[in-house]
Amino acid sequence: MGQSPRNLANELAKERSRAAAERTLLAWIRTSLSLIGFGFGIDQVVAAIQQSTQSDRFQPTDLVRGLSLSFIAVGVYAILTASIEHHRELKHIQRDDYIYYSRRSGALVVATALLVIGVFAFVSLFLSSIL
């Protein structure tokens, strides 16, 4: 008897928001797994090529290892921050006084990190080809 009646429209809106938060988390999981898998794959492919060629030419082992670890680190960062943000969003949706607040974009952070990795890899490979 002490419980106030709930507004059905608000409850349905909360359910749609929760479902959207779930879809967003799943998208971040896919992105993170792709980044981690790509980092691991680069390292393994280059290691296999190096074993098969055994050439005296310059082999950018450290560069490739750094690039691989960078992709893995960005993937781990993305899944960690997406999980934390998902938890916060679910708590926020449960409140009856939901108010939008601006926050940092996880996608922008990941895009910036990938841009830095790409520029570093490009410059490193360019310099190694002319030296």
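These numbers come from a predicted model, not from an experiment. (Residues numbered from 1 in each chain as written. Predicted model: local features only at pLDDT ≥ 70, side-chain atom pairs only at ≥ 80, totals over all residues. Heavy atoms only, no water.)

## As for the overall build of the protein
Right, on to step 1. Helix and strand counts for the protein stand at 3 helices and 0 strands.
Right, on to step 2. Mapped from its N terminus to its C terminus, the protein presents α and β elements in the order α-α-α.
Right, on to step 3. Its C-alpha atoms give the protein principal-axis dimensions of roughly 80 × 25 × 15 Å.
Right, on to step 4. Counting only residues that meet the buried cut, the protein has 21% of its 131 residues in that class.
Right, on to step 5. Once local pairs closer than 6 in sequence are excluded, the contacts in the protein between residues at least 24 apart make up 82%. (Helix = DSSP H or I, 4+ residues; strand = E, 2+ residues; numbered from the N terminus. Buried < 20%, exposed > 50% of the residue type's maximum accessible area, 1.4 Å probe, protein only. Contact = heavy atoms within 4.5 Å.)

## As for the pattern of salt bridges
Right, on to step 1. A complete count under the given rule lists 6 salt bridges for this structure.
Right, on to step 2. Two residues, Asp43 and Arg65, come together in a salt bridge whose shortest N-O distance is 2.9 Å. A residue pair is termed long-range when its members are at least 10 positions apart, and Asp43 in helix α1 (residues 8–53) and Arg65 in helix α2 (residues 61–94) qualify at 22 residues.
Right, on to step 3. Note on Asp43: relative accessible area 15%, which makes it buried.
Right, on to step 4. What makes Arg65 partly exposed here is its relative accessible area of 41%.
Right, on to step 5. Residues joined by salt bridges that share partners form a network here, namely Glu15, Arg18 and Glu22. (Salt bridge = Lys/Arg side-chain N within 4 Å of Asp/Glu carboxyl O.)

## Brief notes about the side chain of His86
Right, on to step 1. Mapped onto the elements, His86 comes out in helix α2.
Right, on to step 2. Setting aside residues up to four positions removed in sequence, His86 forms contacts with Ala21, Glu22 and Leu25.

## Quick notes on the environment of Val76
Right, on to step 1. Looking at where Val76 falls in the secondary structure, it is placed in helix α2.
Right, on to step 2. By relative accessible area, Val76 is classed as partly exposed at 43%.
Right, on to step 3. Sequence-wise, Val76 and Leu35 are 41 residues apart; in three dimensions their C-alpha atoms are separated by 8.5 Å.

## What to know about helix α3 (residues 106–130)
Right, on to step 1. Helix length check: α3 (25 residues) gives 37 Å between terminal C-alpha atoms against 36 Å at 1.5 Å per residue, within 8%.
Right, on to step 2. Taken as a whole, α3 has its buried residues at Val110, Ile117, Ala121 and Ser124. (Expected span 1.5 Å × (residues − 1).)

## Details of the packing of α1 against α2
Right, on to step 1. Where α1 contacts α2, the two axes come as close as 9 Å, and the packing angle between them is 170 degrees. As judged from the angle between their axes, α1 and α2 are roughly antiparallel.
Right, on to step 2. Residues that form the contact of α1 with α2 fall into these classes: 21 nonpolar, 10 polar and 6 charged. (Axes fitted to C-alpha atoms, helices over the stretch in contact; angles between N-to-C directions. Parallel < 35°, antiparallel > 145°, perpendicular 65-115°, else oblique. Nonpolar A, V, L, I, M, F, W, Y, C, P; charged D, E, K, R; others polar.)

## As for the nonpolar core
Right, on to step 1. If you look at the biggest cluster of nonpolar residues, it comprises 13 residues, and the most contacted ones within it are Leu67, Phe71 and Val110.
Right, on to step 2. Elements with a minimum of two residues in this core: α1, α2 and α3.
Right, on to step 3. Counting residues per element, this core draws most heavily on α2, at 6 residues.
Right, on to step 4. Dropping the residues within four chain positions of it, Phe71 is found in contact with Leu35, Ile36, Phe38, Gly39, Ile42, Leu114 and Ile117. (Core = buried A, V, L, I, M, F, W, Y, C linked by side-chain atoms within 4.5 Å.)

Purely geometric numbers; function is a separate question.
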